[in-house]
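# Commentary on secondary and tertiary structure
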Amino acid sequence: GAGVSQSPSNKVTEKGKDVELRCDPISGHTALYWYRQSLGQGLEFLIYFQGNSAPDKSGLPSDRFSAERTGGSVSTLTIQRTQQEDSAVYLCASSLQADTQYFGPGTRLTVL
Amino acid sequence: QKEVEQDPGPLSVPEGAIVSLNCTYSNSAFQYFMWYRQYSRKGPELLMYTYSSGNKEDGRFTAQVDKSSKYISLFIRDSQPSDSATYLCVLRSRSQGNLIFGKGTKLSVKP
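Residues numbered from 1 in each chain as written. Chains lettered and ligands numbered in written order. Predicted model: local features only at pLDDT ≥ 70, side-chain atom pairs only at ≥ 80, totals over all residues. Heavy atoms only, no water.

### Some words on the interface of chain B and chain A
The line we're drawing: By definition in these notes, contact holds between two residues if any of their heavy atoms fall within 4.5 Å. When two parts are brought into contact, each loses some accessible area as probed by a 1.4 Å sphere; the total of that loss over both is the buried area. Just to be clear on terms, a salt bridge is a Lys or Arg side-chain nitrogen sitting within 4 Å of an Asp or Glu carboxyl oxygen. Think of a polar contact as two N or O atoms within 3.5 Å of one another; within protein, one of them needs to be a possible hydrogen donor and the other a possible acceptor, and neighboring residues in sequence only count if both atoms come from side chains. Each helix is a run of H or I in the DSSP string that is no shorter than four residues. Each strand is a run of E no shorter than two, and both are numbered from the N terminus.
Counting residues at the interface gives 17 residues for chain B and 19 residues for chain A. Of the roughly 1,400 Å² buried between chain B and chain A, counting both surfaces, carbon and sulfur atoms make up 53%. Counting across the chain B and chain A interface gives zero salt bridges. There are two residue pairs in polar contact (both at pLDDT 80 or more) connecting chain B and chain A. Mapped onto the side of chain B that touches chain A, the elements with two or more residues apiece are strand S4 (30-38), strand S5 (45-50) and strand S9 (85-93) of chain B. When residues in the side of chain B that touches chain A are grouped by element, the largest group, four residues, is from S4 of chain B.

Here it is, written out as structure tokens:
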């Protein structure tokens, strides 16, 4: 069956521009997570959506970062006024149970 | 002190070797322990999951948890070149929905 998909797979942008990253979770998965993976830094939790509950935004590094999940399915992570330190791979995961998360292939963001 | 410490490697072994990967953690609230495997340019995938101290075996893989020492291990027997990947130890507390990832150990198994 279809797994988690993310688009675009690669994004190159200029410093100061806004970017939107999209995640299509596995159908029926109630939980959706965004992570950031920087070189040598491991996975950094950003935000977590569970059903209709208010999202857990505790991992967002600044107010330039925001995310939405529309209709309990597709999610968009938006980074405003991108900075070079935002360059990383942004991974999305979905799950029915918290411990078994299914990851997408990620979006590789490069901020010039 | 970081919540979870994992040696990033890289670790290079010959085919057929036994591999030992380890993590230590500081928060006794962690109750669920996982190992995820990540191939290059792919997302991580769940490899092993356990919630109790002791050993859990699945084929060539054994996950070991020692809660008293706050130490977790993954052993790979008869390692294969296809095992070459980054292995991430992952923890979760009972009260949290999000996972805490180690930095990952990059493993290379040479034919």
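### Here's the deal with the pairing of strand S7 (residues 75-79) of chain A
All names here are of chain A. Just so we agree on the cut-off: Between buried and exposed lies partly exposed: a residue is buried under 20% and exposed over 50% of the maximum accessible area for its type, with that area taken using a 1.4 Å probe on protein chains only. A pair of strands is considered paired only if DSSP assigns at least 2 bridges between the two.
In terms of residue burial, S7 counts as a mostly covered element, since four of its five residues are buried. In the sheet, strand S3 (residues 19-24) pairs with S7 via five bridges, with the strands oriented antiparallel. Within S7, the position partnered with Glu20 by the bridge is Thr78. Pairing geometry for strand S6 (residues 65-69) and S7, over five bridges, is antiparallel. Across the sheet, Glu68 pairs through a bridge with Thr76, a residue of S7.

### Details of the nonpolar core
We count it as follows: The set of buried Ala, Val, Leu, Ile, Met, Phe, Trp, Tyr and Cys residues whose side-chain atoms join them within 4.5 Å is what this entry labels a nonpolar core.
Core analysis: the biggest nonpolar cluster contains 25 residues, and Trp35, Ile72, Leu74 and Tyr87 of chain B have the highest contact counts within it. Those elements giving two or more residues to this core turn out to be strand S3 (19-25), S4, S5, strand S7 (61-66), strand S8 (71-76), S9 and strand S11 (105-110) of chain B. Residues Leu46, Phe49, Ala88 and Tyr90 of chain A belong to the second largest nonpolar core, which totals 20 residues.

### Structural notes on the state of the cysteines
Inclusion rule: We call a pair of cysteine sulfur atoms a disulfide whenever their separation is within 2.5 Å.
Inspection of the entire model under this criterion finds two disulfides over all chains. Each disulfide pairs two cysteine sulfurs, and for Cys23 of chain A the partner residue is Cys92 of chain A, the sulfurs being separated by 1.8 Å. Torsion about the S-S bond of the Cys23 of chain A and Cys92 of chain A cystine: about -65°, corresponding to left-handed handedness. Here Cys92 of chain A lies in strand S8 (residues 88-95) and Cys23 of chain A lies in strand S3, a separation of 69 residues in the sequence. Residue classification places Cys92 of chain A among the buried residues on the basis of a relative accessible area of 0%. At a sulfur-sulfur separation of 1.9 Å, the disulfide partner of Cys23 of chain B is Cys89 of chain B. Disulfide Cys23 of chain B-Cys89 of chain B: the torsion about the S-S bond is -95°, which places it as left-handed. Highlighted residues: Cys23 of chain B in strand S3 and Cys89 of chain B in strand S9, separated in sequence by 66 residues. For the pair formed by Cys23 of chain B and Cys89 of chain B, the shared burial category is buried.

### Side note on unusual backbone geometry
For the peptide bond that leads from Ser7 of chain A to Pro8 of chain A, omega is -10°, which places it in the cis range. By secondary structure assignment, the location of Pro8 of chain A is in the loop between strand S1 (5-7) and strand S2 (10-13). The backbone phi angle of Asp78 of chain B is positive, close to 45°, even though this residue is not glycine. By the element assignment, Asp78 of chain B lies in the loop between S8 and S9. Look at Asp78 of chain B and you get partly exposed, because its relative accessible area is 42%.

### Quick word on the packing of aromatic side chains
The geometry of an aromatic ring pair is captured by two quantities: the separation of the ring centres and the angle between the planes. Here is the rule: In this scheme Phe, Tyr and Trp rings, the latter by its six-membered ring, pair at centre separations within 6.5 Å, and the angle between planes marks the pair as stacked below 30 degrees, edge-to-face above 60, and tilted otherwise.
Summed over the entire model, instances satisfying the criterion amount to eleven aromatic pairs over all chains. Look at Tyr33 of chain A and Tyr35 of chain A: their rings are 6.2 Å apart centre to centre, the planes differ by 20°, and that puts the pair in the stacked class. You'll find Tyr33 of chain A and Tyr35 of chain A in the same group, each marked buried. Between Tyr35 of chain A and Phe101 of chain B the ring centres are 5.2 Å apart and the planes differ by 80°, which places this aromatic pair in the edge-to-face class. Taken together, the positions of Tyr35 of chain A in strand S4 (residues 31-38) and Phe101 of chain B in strand S10 (residues 100-101) put the pair across two chains. Its relative accessible area of 0% is what places Tyr35 of chain A among the buried residues. By the ring-pair criterion, three or more aromatic residues cluster together here, those being Tyr33, Tyr35, Phe45, Tyr48 and Phe103 of chain A together with Tyr36 and Phe101 of chain B.

### Focus: the sheet that holds S3 of chain A
All names here are of chain A. What counts here: Here the axes come from fitting lines to C-alpha atoms, over the contacting stretch only for helices, and the angles between their N-to-C directions go from 0 to 180 degrees.
Taken in spatial order, the four strands of this open sheet run S1-S3-S7-S6, and their pairing is antiparallel. Edge strands, defined here as strands with exactly one partner in the open sheet, are S1 and S6. The average undirected angle you get between the axes of adjacent strands in this sheet is 15°.

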